[in-house]
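# Chains, contacts and geometry: an overview
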Amino acid sequence: MPNQRITPITTVTAVTTVALLTLAACGTESGKGSGSGAGAGSGGEVRTETALTDVRWNVDSVTVGGKKTAAPNGASVEIDSQGRASAKTGCNSIGADVTVEGDTVTVGKKQSTLIGCPKELEAFEKALSGAFSGTLKATVQDKRLTLTTADGDAIALTSEPPAPLVGTEWTVGALAQGATAASLPKGTDGKARFTFRKDGEELSMEGSLGCNSFSAPARLTEPTAGAPGVLTIGRVSSTRKLCPGPEMTLERQVQKVLEGKVAYELGHRGLTLTSAGGQGLSATAAAPGK
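Keep in mind that this is a model prediction, so the values were computed, not measured.

Moving on, we get to the overall build of the protein. Looking only at helices and strands, the protein features 3 helices and 22 strands. In the protein, buried positions account for 46% of the 290 residues. A fraction of 59% describes how many contacts in the protein between residues 6 or more apart in sequence connect residues 24 or more apart. Of the accessible surface of the protein, which amounts to about 14300 Å², a share of 49% is contributed by carbon and sulfur atoms.

Further remarks concern the pattern of salt bridges. Evaluation of the coordinates by the stated rule reveals 4 salt bridges. Here E247 makes a salt bridge to K191, at a shortest N to O gap of 3.7 Å. In this pair, E247 sits in helix 3 (residues 245-257) while K191 sits in the loop between strand 14 (180-182) and strand 15 (192-199), placing the two residues 56 residues apart along the sequence. For E247, a relative accessible area of 16% corresponds to the buried category. Note on K191: relative accessible area 32%, which makes it partly exposed. Residues E206 and R197 are paired through a salt bridge, measuring 3.5 Å at the closest nitrogen-oxygen approach. On the basis of relative accessible area, R197 is assigned to the partly exposed category, the value being 38%.

Time to look at the state of the cysteines. Applying the stated rule across the entire model yields 1 disulfide. With its sulfur 1.8 Å from that of its partner, C211 forms a disulfide with C243. Taking the sign of the S-S torsion, 70° for the link of C211 and C243, the bridge is right-handed. Of this pair, C211 sits in the loop between strand 16 (202-209) and strand 17 (213-221) while C243 is found in the loop between strand 19 (237-238) and helix 3, placing the two residues 32 residues apart along the sequence. The class for C211 is buried, based on a relative accessible area of 8%.

What counts and what doesn't
Residues numbered from 1 in each chain as written. Predicted model: local features only at pLDDT ≥ 70, side-chain atom pairs only at ≥ 80, totals over all residues. Heavy atoms only, no water. Helix = DSSP H or I, 4+ residues; strand = E, 2+ residues; numbered from the N terminus. Buried < 20%, exposed > 50% of the residue type's maximum accessible area, 1.4 Å probe, protein only. Contact = heavy atoms within 4.5 Å. Areas by Shrake-Rupley, 256 points an atom, 1.4 Å probe, with all protein chains shown as cover. Salt bridge = Lys/Arg side-chain N within 4 Å of Asp/Glu carboxyl O. Disulfide = S-S within 2.5 Å.

What is shown is where atoms sit, not what they do.
Here it is as structure tokens:
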């Protein structure tokens, strides 16, 4: 995606919450983050019973006032061993420092990108911001993390293994034009998906554009320091079915992304593709066992 403006924020979003929450579960470590906010990034120790550093957490849901809201695909967070958290929801990226004392989390300074998000995601973030206030108690059990407010509101997260680029079925969950993200046409969730296959040294991709099945040869250039990875996609071959309007709209938008050299970013169980013209898409891998 194009470079995005970074600015301090005060509004808590889905990603912000997760980032801060995960820090609550770090093992006993001391570290100094790059931010100037209080907490792990300002040299305090992070202490809990279970070490969760360098683990990617999937946000499952948030419960506010007894109402449970499922998290959108791609809501996740990862923290490093220095106590600095970074997170994504498939829309904005957020970094944060926190102060952790035992199982209590206090929010420090946060930063966020400013991509325009679909209304559905905005609604989820609003619910999440209601749950994330004051102090939170972190409870870790097996692969699950629960963060609970004094009023009983809760955020549930689950750790997940990373998904490889090749061999994973990626499902398109959002589209983008430049720095603006957009939800899929109504009724097309799960319609567009693709998988990269490798046969010896030959790489190809196949799947559904939203209506028609497709396949295309591809060449992979791994990311290097300061440069994203690049997928060079060859001629796309597809079937020629006619589908309802929303599915054809989705198909045309996905096709605009899968042309020529496409920048890619692979993040745990999320994949972002961006064409030279600025059209982009975000895709996610299904949770293990689903």
